Amino acid sequence: MIFTGRIHKFGDHVDTDVIIPATLLSNTDPQVLGRGCFSEVFPGFADRVKPGDLIFAGENFGCGSSREHAPIAIKGAGISCVVAASFSRIFYRSAINIGLPIAICPAAIAHAEAGAEASADLGAGKITVAGKSYSIPPFPPELIAILDSGGLVPFMEQRLKRERQSGVRA
Amino acid sequence: MPATIAQKILARAAGKQHVAVGEIVTTRVDLAMANDFTTPLALKQFHAAGASKVFDPDKICVMAGRHMPFRDIQLATAVEALRIFCEQQGIKHFYANCEGMDHALAPELGLIRPGMLIMNADSHACTAGALGAFSIPMGSTDIAYVFAFGESWLLVPPTIRVRYTGKPGPYVTSKDFILATLKELGVDGARYKAIEFCGDALAHLDPDERFTIANMAIEMGAKTGVMEPDEKTEAYVRARTQSAYDVVRSDPDAEFESTLDIDVGNMTPLVAKPFLPSNVVPARELRRTKVTQVNIGTCTNGRMVDLEQAAQVLRGNKVAKGVRLAITPATQTIYREALKSGLLEIFVDAGATVNPPGCGPCAGIHMGALTANDVCVATHNRNFRGRMGHRDAQIYLSGVYVAAATAVAGAIVDPQEVLQ
Ligand code: SF4
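Keep in mind that this is a model prediction, so the values were computed, not measured. (Residues numbered from 1 in each chain as written. Chains lettered and ligands numbered in written order. Predicted model: local features only at pLDDT ≥ 70, side-chain atom pairs only at ≥ 80, totals over all residues. Heavy atoms only, no water.)

Looking only at helices and strands, chain B features 14 helices and 18 strands. Computed over the C-alpha atoms, the radius of gyration of chain B is 21 Å, within 12% of the 22 Å expected from 2.2 N^0.38 for a compact globule of 420 residues. Its C-alpha atoms give chain B principal-axis dimensions of about 60 × 50 × 40 Å. Counting the 420 residues in chain B, one finds 64% classified as buried. Sequence separation of 24 or more characterises 77% of the internal contacts of chain B that already satisfy a separation of 6 or more. By element, 49% of the accessible surface of chain B is carried by carbon and sulfur atoms, the whole surface being about 14,300 Å². (Helix = DSSP H or I, 4+ residues; strand = E, 2+ residues; numbered from the N terminus. Rg over C-alpha atoms; globule rule 2.2 N^0.38 Å. Buried < 20%, exposed > 50% of the residue type's maximum accessible area, 1.4 Å probe, protein only. Contact = heavy atoms within 4.5 Å. Areas by Shrake-Rupley, 256 points an atom, 1.4 Å probe, with all protein chains shown as cover.)

Written out as structure tokens, the structure is:
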């Protein structure tokens with residue numbers, strides 16, 4: 001799957017309070033969370049996103065709280081993929097679990113300009129910015145299995161089905 | 001094979017003799033936890049996947065009382081659904097009345113014991129590391145999976161050893177230990193890694209003070225933070241539970257990725273400036289910074305020892321004009337103890353508000369939001385932009401002595417300079 005769109009650029013240590021304020025956490029609807037994405041600190045962000053756009057960010061993207069509402073909000077806002085120099089541990093897992101594509105690519109970040117066109121081809125392992133391509137490291141096999149299933153929920157569904165069929169689970 | 005605490009606990013939970021750093025293993029959990037904000041999403045995913053029964057109701061704990069009394073209909077409705085789920089599943093460890101906030105309540109109830117592997121849908125899961133448990137923060141979907149299967153995959157992390165030495169001077173607290181560590185490691189210095197806190201200075205601290213240190217391991221990006229249990233840990237745990245536990249220590253020749261030595265002997269009280277908890281300077285560098293609000297409490301500093309420190313400063317004093325001081329005991333038990341020992345009266349006499357037990361204003365959703373013009377000193381763990389209300393509100397983090405002395409002075413002060 002190739003994601004193509006304009007770049008929304010962010011710096012280092014974008015935290016989950018900035019991505020989605022805690023006042024919106026009693027909601028789990030991706031559409032509602034999408035409208036609230038970055039709403040406190042970068043008002044109007046959701047309006048500026050065209051479906052398919054990408055976030056390019058610096059180090060430690062998604063640090064702070066474990067709220068999974070953060071990757072859900074980004075996806076709900078219409079962002080197709082987040083490319084960062086590095087991700088916080090919880091955000092990294094959660095993004096994959098809920099099916100928000102992400103990629104680690106410090107070289108691409110260094111050359112990314114806000115508003116420019118970019119594409120991310122996670123299957124082929126490359127990020128393209130301004131006509132130049134950068135390779136990204138492959139995901140560990142445990143994560144590929146989850147990605148291939150379409151996220152942790154379908155992965156879970158398949159395991160439950162197998163266990164019910166084999167009688168391990170009622 | 002020599003191993004760290006992290007390796008030993010993960011190996012046991014994975015049913016292996018030894019696990020290597022960098023290896024991915026599937027581990028069984030001893031306890032799965034979630035709270036008011038992360039459980040609703042976890043249950044949505046649990047049901048979406050077609051799960052119907054949790055793996056073991058006795059190994060699940062849902063603590064949904066962070067923001068009592070309820071702030072709005074949405075939260076009240078969400079927690080009501082959690083109560084129904086827990087009743088149906090036979091989950092007895094469900095708390096959503098006035099008991100208090102999870103990271104303080106779970107250890108208080110004896111649910112946290114040395115050697116446990118815990119997965120918790122909250123970033124401050126690491127707080128439990130103060131008792132020698134390996135407690136890992138996860139997202140809601142990961143916890144939904146754990147609720148169904150009792151296990152999850154984990155990368156065995158390298159461990160950074162943080163060694164505190166020396167004897168802290170007056171008004172230097174465990175909060176200053178961890179702020180000094182943040183200054184050194186930065187907000188991502190321990191990303192994907194475990195931190196093992198050790199050193200002779202920890203021996204001076206009670207578990208209640210050690211929680212403050214373990215609590216902020218996540219602020220450096222760590223998978224979790226953990227401390228080797230000692231007699232104080234065991235006394236704390238034995239006083240609260242009959243259940244067996246397993247004291248796990250790193251081998252003397254275990255391999256640490258690096259060691260950071262911090263001498264607390266010549267440290268002065270510290271403050272983290274907006275908007276990162278690693279933005280740490282001595283409190284005296286900020287003197288004359290006027291404040292409008294001071295908050296004492298939270299999972300970082302809302303225990304009895306913290307309230308005693310606050311009372312020590314506030315006794316016979318008044319909160320400065322133009323400053324709002326709110327004090328939030330973390331749990332009902334702490335609240336009752338503070339009531340009985342007269343601390344609450346000292347607070348009220350000083351002009352403070354005493355909040356009901358819970359998280360208070362820490363996440364900007366309950367009990368004291370900030371405006372664009374507010375300047376706040378809080379004993380919390382995070383000062384990200386917008387964390388406590390308006391994005392322009394200035395949030396400083398400190399220990400309790402600095403916060404209480406600041407409330408009295410109306411501006412940031414170093415308690416060493418103003419208190420005898
Ligand atoms: S006190 Fe703050 S950091 Fe701690 S659990 Fe509550 S909201 Fe989270």
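This part takes up the sheet that holds strand 11 (residues 258-263) of chain B. All names here are of chain B. Spatially, the 4 strands line up as an open sheet ordered 10-9-8-11, and their pairing is parallel. Of all the strands in the sheet, just strand 10 (224-227) and strand 11 have a single pairing partner and so form its edges. Recorded for the sheet is a direction-independent mean angle of 25 degrees between the axes of neighbouring strands. Here strand 9 (residues 194-198) runs beside strand 10; their pairing, made up of 4 bridges, is parallel. Bridge assignment links Glu196 to a residue of strand 10, and that residue is Val226. (Pairing = 2+ DSSP bridges. Axes fitted to C-alpha atoms, helices over the stretch in contact; angles between N-to-C directions.)

Residues and elements named next belong to chain A. Pairing is mixed in the open sheet, where 7 strands are placed in the order 4-3-2-1-5-6-7. Either end of the sheet is taken by a strand with one partner, and the two such strands are strand 4 (102-104) and strand 7 (132-135). Across the sheet, the axes of successive neighbouring strands diverge by a mean angle of 25 degrees, strand direction being ignored. Inspection of the sheet shows strand 2 (residues 54-57) paired to strand 3 (residues 81-84) by 4 bridges, in the parallel sense. Across the sheet, residue Leu54 finds its bridge partner in strand 3, namely Cys81.

So, on to the site of the ligand. Residue and element names in this part refer to chain B. Residues in contact with the ligand, as listed here, are Arg66, His103, His124, Thr298, Cys299, Cys359, Cys362, Asn381 and Arg387. Its residues placed into classes, the shell around the ligand shows 3 nonpolar, 4 polar and 2 charged. Counting residues domain by domain, the shell around the ligand receives three or more from each of domain 1 (5-262) and domain 2 (271-419). (Near = heavy atom within 4 Å. Nonpolar A, V, L, I, M, F, W, Y, C, P; charged D, E, K, R; others polar. Domains from an automatic or database assignment.)

Residues and elements named next belong to chain A. For the pair helix 7 (residues 141-149) and helix 8 (residues 152-165), the least separation of the axes is 7 Å and the interaxial angle reads 90 degrees. By the angle between their directions, the pair helix 7 and helix 8 is classed as roughly perpendicular. Facing Ala145, Ile146 and Ser149 of helix 7, the residues of helix 8 in contact are Leu152, Pro154, Phe155 and Gln158. Of the residues that constitute the contact of helix 7 with helix 8, the class distribution is 5 nonpolar, 2 polar and no charged. (Parallel < 35°, antiparallel > 145°, perpendicular 65-115°, else oblique.)

What follows covers unusual backbone geometry. Residue and element names in this part refer to chain B. Residue Met68 is joined to Pro69 through a cis peptide bond whose omega torsion reads -15 degrees. Residue position: Pro69 is located in the loop between strand 3 (60-63) and helix 3 (73-89). Note that the residue after Pro274, namely Phe275, is joined by a cis bond; omega there is -5 degrees. Tracing the backbone through its elements, the reader meets Phe275 in the loop between strand 12 (270-272) and strand 13 (280-282).

A few words now on the packing of helix 5 (residues 89-98) of chain A against helix 7 of chain A. All names here are of chain A. Viewed as axis vectors pointing N to C, helix 5 and helix 7 meet at an angle of 35 degrees, and their least axial separation amounts to 8 Å. Note on element contacts: helix 7 touches helix 5 through Leu143, Ile146 and Leu147, opposite Tyr92, Ile96 and Asn97. Taken together, the residues of the contact of helix 5 with helix 7 sort by class into 5 nonpolar, 1 polar and no charged.

The next point concerns the pattern of salt bridges. Residues and elements named next belong to chain B. Scanning the entire structure with this criterion turns up 28 salt bridges over all chains. Linking Asp261 and Arg163 is a salt bridge whose minimum nitrogen-to-oxygen distance equals 2.8 Å. A residue pair is termed long-range when its members are at least 10 positions apart, and Asp261 in strand 11 and Arg163 in strand 8 (residues 159-165) qualify at 98 residues. Since its relative accessible area comes to 29%, Arg163 is described here as partly exposed. A salt bridge links Arg284 to Asp414, with the nearest nitrogen and oxygen atoms 2.7 Å apart. One end of the pair, Arg284, is in the loop between strand 13 and strand 14 (293-297); the other, Asp414, is in the loop between helix 13 (400-409) and helix 14 (415-418), with 130 residues separating them in the sequence. (Salt bridge = Lys/Arg side-chain N within 4 Å of Asp/Glu carboxyl O.)

The subject of this paragraph is the interface of chain B and chain A. At the junction of the two partners, chain B supplies 52 residues and chain A supplies 49 residues. When chain B packs against chain A, close to 4,200 Å² is buried across both sides, 58% of that on carbon and sulfur atoms. A salt bridge links Arg93(A) to Asp142(B), with the nearest nitrogen and oxygen atoms 2.8 Å apart. For the interface between chain B and chain A, the tally reads 21 residue pairs in polar contact (both at pLDDT 80 or more). (Buried area = accessible area lost by both parts, 1.4 Å probe. Polar contact = N/O pair within 3.5 Å; in protein donor to acceptor, adjacent residues only side chain to side chain.)

The next point concerns the domain arrangement of chain A. Residues and elements named next belong to chain A. Its domain assignment divides chain A into domain 1 (2-139) and domain 2 (140-170). One C-alpha centre belongs to domain 1, the other to domain 2, and the line joining them spans 26 Å. If you look at the interface, domain 1 gives 5 residues, while domain 2 gives 9 residues. At the boundary of domain 1 with domain 2, total buried surface from both sides reaches about 620 Å², with 73% on carbon and sulfur atoms. Among the residues domain 1 hides against domain 2, the three largest losses belong to Ile96, Asn97 and Phe139. Together they make up 84% of the total. At the junction of domain 1 and domain 2, the tally comes to 0 salt bridges. Broken down by class, the residue content of the side of domain 1 that touches domain 2 amounts to 4 nonpolar, 1 polar and no charged.

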